[in-house]
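# A structural walkthrough
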Amino acid sequence: MASEHDNCHLCKEYLRDPVSIPCGHVFCSICLKTYWDHADHTGSYMCPQCRVTYNKRPTPRRVGGSRHSTLQRNSEPFPPPPPSPDYNVAGPQDVGCDICVGKKNKAVKTCLMCLASYCERHLKPHYESATFKRHKLVDEIGHLDRQICPQHQKGLELFCRTDQMCICVLCTVKEHKGHDMVSAEQERADEQQRLGATQAEIQEKIHDRLKQMEELKQAVDALKTSAQRALQECDKMFADMMRSIERMQQEMAKLMSSNKRAALNNAEGHMERLNHEISDLKRRDNEITQLSRTEDHIHFIQSYHMLIAQTENEELPTVIVNPYFTFDPVNKAVSEMKQHLNEFGNEEMVKVAKTVNKMTFCQLEDGKKKRSFKAEEAPMYRSVHVHEPQHRDDFLKYACQLTLDPNTAYRQLHLSRGNRKATLKRDPQSYGDNTSRFDSLPQVLCMEALSGGAYYWEVDWSGEGAAIGVTYRGIKRTGYGDSCRIGYNRKSWSLFCSDASYSARHNKDQIEVNAPYSSRIGVFLDHAGGTLSFYSIGESMSLIHRFKASFSEAVYPGFWVWYESAITLIQL
């Protein structure tokens with residue numbers, strides 16, 4: 001039995017001459033050519049499966065080294081090209097017409113009298129012939145064998161309540177003889193009443209859910225109001241604290257100015273006194289010089305004794321200058337004050353963060369347990385772990401350095417020296433055997449596990465297409481299925497980039513994103529807060545797409561690279 005990965009999405013048959021396009025999907029080469037030939041006049045080419053758009057027609061690449069090439073080798077050497085896809089032919093998931101011979105068309109109606117399903121062409125007799133006037137047609141239901149008794153090959157018309165099963169008329173003769181039996185219509189009527197009760201219960205649940213939704217909306221509104229009010233109060237209190245710091249700064253400036261002025265006044269007083277004393281001493285020195293030159297002995301003796309007595313009785317005070325006097329202790333005191341404020345502020349912020357992080361806004365509760373809140377309990381809110389930055393300089397504060405892991409690289413991915421660039425080429429690398437390696441998809445992961453915090457990195461991409469994302473370690477590494485592709489399963493998230501569009505992918509969900517082309521993508525991961533954001537980098541940061549998720553374990557950055565394309569991790 002062929003799996004869905006062995007069939008072409010267009011013709012629903014086994015893949016013949018399979019080719020791959022930049023988004024990673026595989027088709028028969030003739031089917032894809034026919035499909036895109038019809039789009040030549042529009043100039044826009046779309047993947048038939050995921051609807052990713054390209055401005056120019058990509059060059060399909062033959063798929064080698066996978067199950068598709070194996071199928072091709074096992075078939076005839078030169079298989080004839082398949083016919084143009086017929087979209088009316090029933091595929092593996094469709095109900096085929098019971099009347100068609102050979103290739104069966106899709107059934108559109110089922111006849112409960114004939115116990116057969118019909119395509120549009122073979123259904124016409126039921127509408128045009130009076131023979132089928134009383135036949136009951138319903139939309140094709142599939143599993144038509146369930147309408148026939150497997151033992152007697154008759155239509156099921158009765159219900160055995162004893163054995164709780166549908167039976168035909170012949171079953172009443174032997175197998176179910178003496179059992180409690182009613183017509184299918186009667187059992188349907190009885191079950192319909194119970195179904196009504198079930199529906200009433202479902203409607204009650206809907207009403208309860210709508211009530212919870214209304215309560216949640218009111219709580220969200222209250223949350224927004226509370227957050228806005230708290231933000232305003234915090235802004236006010238921080239403004240008050242900044243004003244207090246400004247007042248301390250002014251008081252410190254006044255203190256320094258007052259001490260400076262007092263010291264200068266004191267110094268100026270001493271300098272004035274010293275000037276007077278120097279002048280007086282110079283005057284006496286001049287008098288002594290003149291006295292020593294006089295020829296009058298009596299005048300000399302009389303003046304000498306007076307000058308000597310005046311000099312011996314005079315004691316001049318000494319001015320002592322402190323060579324170590326400086327205002328550096330003020331700088332030291334202010335520096336210590338700053339350090340204490342920072343330490344105190346950080347400690348208080350940690351306390352606030354711990355208090356807020358313990359609070360949850362809403363959560364699922366076991367339906368068997370009734371909710372009970374005490375009147376004094378405060379409403380519970382979930383905190384935002386990281387405020388996502390707005391400018392590139394703010395993003396760079398969360399920059400992390402990543403390295404590509406050669407042990408995970410597809411053999412045709414060439415890694416640069418330093419393992420920061422990956423290019424898909426035709427020649428395989430001589431990598432060793434490793435169970436961590438992607439054996440069929442051109443993918444590679446980084447060595448670093450990211451968990452519990454906020455991280456930012458940038459990637460340059462070039463060529464026809466590449467995907468940038470993150471994944472849990474447990475993503476499958478062997479095969480070509482969705483369980484191995486980054487972004488196509490529950491374990492991974494990715495942004496596919498082409499020259500014309502972006503596509504955000506997770507599990508079975510795919511979102512087409514219209515955003516300006518950018519060859520450099522910034523990725524911001526808030527692991528604790530549960531967000532993964534992709535930005536185009538230019539003069540400003542422009543959001544391309546944001547995933548919201550609850551990451552249950554560490555994630556690894558990963559990449560999918562198309563032929564002649566490359567990705568490069570930027571050193572930040």
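Residues numbered from 1 in each chain as written. Predicted model: local features only at pLDDT ≥ 70, side-chain atom pairs only at ≥ 80, totals over all residues. Heavy atoms only, no water.

## Structural notes on the overall build of the chain
- Of the regular secondary structure elements, the chain holds 7 helices and 24 strands.
- Counting all 572 residues of the chain, 31% fall into the buried class.
- Of the contacts formed within the chain by residues at least 6 apart in sequence, a portion of 56% connects residues at least 24 apart.
- Total accessible area on the chain stands at roughly 37800 Å², and carbon and sulfur atoms take up 53% of it. (Helix = DSSP H or I, 4+ residues; strand = E, 2+ residues; numbered from the N terminus. Buried < 20%, exposed > 50% of the residue type's maximum accessible area, 1.4 Å probe, protein only. Contact = heavy atoms within 4.5 Å. Areas by Shrake-Rupley, 256 points an atom, 1.4 Å probe, with all protein chains shown as cover.)

## A closer look at empty space enclosed by the protein
- A complete count under the given rule lists 2 cavities of 30 Å³ or more for this structure.
- Of the volumes computed, that of the largest cavity is approximately 60 Å³.
- The class makeup of the residues in the lining of the largest cavity is 6 nonpolar, 2 polar and 2 charged.
- Its volume calculated, the second largest cavity comes out at about 30 Å³.
- Cys400, Gln401, Leu402, Arg420, Trp457, Glu458, Leu569 and Ile570 together form the lining of the second largest cavity. (1 Å grid on protein atoms, 1.4 Å probe; cavity = no way out; pocket = protein on both sides within 12 Å on 5 of 7 lines; lining within 4 Å. Points joined across faces, edges and corners; volume = space filled by probe spheres on them. Nonpolar A, V, L, I, M, F, W, Y, C, P; charged D, E, K, R; others polar.)

## Here we look at the sheet that holds strand E22 (residues 541–548)
- In space, the 7 strands of this open sheet follow the order E12-E13-E24-E15-E20-E21-E22, with antiparallel pairing throughout. Edge positions in the sheet fall to strand E12 (413–415) and E22, since each of these pairs with one other strand and no more. Pairwise comparison of adjacent strand axes, ignoring direction, gives a mean angle of 20° for this sheet. (Pairing = 2+ DSSP bridges. Axes fitted to C-alpha atoms, helices over the stretch in contact; angles between N-to-C directions.)

## Describing the pattern of salt bridges
- All told, the structure shown has 20 salt bridges when counted by the stated rule.
- Two residues, Asp37 and Arg57, come together in a salt bridge whose shortest N-O distance is 3.1 Å. Note that Asp37 is positioned in helix H1 (residues 29–37) and Arg57 in the loop between strand E4 (53–54) and strand E5 (61–62), a separation of 20 residues in sequence.
- Accessibility expressed as a relative area gives 32% for Arg57, which makes it partly exposed.
- With its nearest N and O atoms 3.7 Å apart, the salt bridge here joins Arg520 to Glu458. (Salt bridge = Lys/Arg side-chain N within 4 Å of Asp/Glu carboxyl O.)

## What about a nonpolar patch on the surface?
- On the surface, Ile245, Met248, Met337 and Leu341 cluster together into a nonpolar patch covering about 330 Å² of accessible area.
- Mapped onto the nonpolar patch, the elements with two or more residues apiece are helix H4 (184–293) and helix H6 (328–357).
- Residue placement: Leu341 occurs in helix H6.
- On the basis of relative accessible area, Leu341 is assigned to the partly exposed category, the value being 44%. (Patch = residues over 30% accessible without salt bridge, like charges linked within 9 Å, V, L, I, M, F, W, Y side chains within 5 Å.)

## Some points on unusual backbone geometry
- Positive phi, normally seen in glycine, also occurs at Lys12, with a value near 65°.
- If you trace the backbone, Lys12 turns up in the segment before strand E1 (18–20).
- Among the residues examined, Lys12 registers a relative accessible area of 35% and is labelled partly exposed.
- A positive phi angle, close to 70°, is found at Arg51, a residue other than glycine.

## Description of the confidence of the model for the chain
- In this model, the chain carries an average pLDDT of 82, and 88% of its residues clear a pLDDT of 70 or more.
- Below pLDDT 50 for its whole length, residues 65–79 participates in 19 contacts with residues either more than four positions away or in separate chains.
- For residues 368–385, every residue scores under 50 in pLDDT, and the model assigns this stretch 24 contacts once sequence neighbours within four places are set aside. (pLDDT = per-residue confidence, 0-100.)

## Quick look at the sheet that holds strand E11 (residues 181–183)
- Pairing is antiparallel across the open sheet formed by 3 strands, whose spatial order is E10-E9-E11. Edge strands, defined here as strands with exactly one partner in the open sheet, are strand E10 (165–167) and E11. Adjacent strand axes in the sheet meet at a mean angle of 35°, parallel and antiparallel pairs treated alike.
- Note: strand E9 (residues 158–160) against E11, 3 bridges, orientation antiparallel. When the sheet's bridge partners are listed, Leu158 is paired in E11 with Ser183.

## Considering the packing of aromatic side chains
- Under the counting rule described, the total for this entry stands at 13 aromatic pairs.
- Taking 6.0 Å as the distance between ring centres and 70° as the angle between the ring planes, the aromatic pair formed by Trp36 and Tyr45 counts as edge-to-face.
- Given a relative accessible area of 1%, Trp36 falls into the buried group.
- A relative accessible area of 8% places Tyr45 in the buried class.
- Following the ring pairs from residue to residue traces out a cluster consisting of Phe395, Tyr398, Tyr456, Phe524 and Tyr535.
- Cation over ring: Arg485 sits above Tyr488, and NZ or CZ is 5.3 Å from the ring centre. (Phe/Tyr/Trp six-rings, centres within 6.5 Å; stacked < 30°, edge-to-face > 60°. Lys NZ or Arg CZ within 6 Å of the ring centre and 35° of its normal.)

## Focus on the environment of Met181
- Of note, Met181 is situated in strand E11.
- For Met181 and Cys160, which are 21 residues apart along the polypeptide, the C-alpha to C-alpha distance reads 4.5 Å.
- Apart from the residues within four sequence positions on either side, Met181 is in contact with Phe159, Cys160, Ile167, Thr172 and His176.

## Topic: the pairing of strand E16 (residues 465–472)
- Burial within E16 is extensive, with 8 of its 8 residues counted as buried.
- Of the two faces of E16, the one carrying Gly465, Ala467, Gly469 and Thr471 and the one carrying Ala466, Ile468, Val470 and Tyr472 are both buried.
- Looking at chain direction, E16 and strand E17 (residues 492–498) are connected through 7 bridges and run antiparallel. Looking across to E17, one finds that Gly465 is bridged to Ser498.
- By the bridge criterion, 7 bridges tie E16 to strand E23 (residues 555–561) in an arrangement that is antiparallel. Among the inter-strand pairings, Ala466 is bridged to a residue of E23, identified as Val561.

## Thoughts on helix H3 (residues 120–128)
- Where H3 is concerned, the buried positions are His122, Leu123 and His126. One side of H3 carries all its buried residues, which in axial view fall inside an arc of 105°. Within H3, the exposed residues directed more than 90 degrees away from the buried face are Glu120, Arg121, Tyr127 and Glu128.
- As for H3, its buried residues are in contact with strand E6 (109–111), strand E7 (116–118) and strand E8 (137–139). (Arc of directions from axis to C-beta.)

## As for the pairing of strand E19 (residues 509–513)
- As paired strands, strand E18 (residues 502–506) and E19 are joined by 5 bridges and run antiparallel to one another. Bridging across to E19, Arg505 finds its partner in Gln510.
- The antiparallel pairing of E18 with E19 creates a hairpin that spans 2 residues between the two strands, and Asn507 there sits at a positive phi of about 55°.

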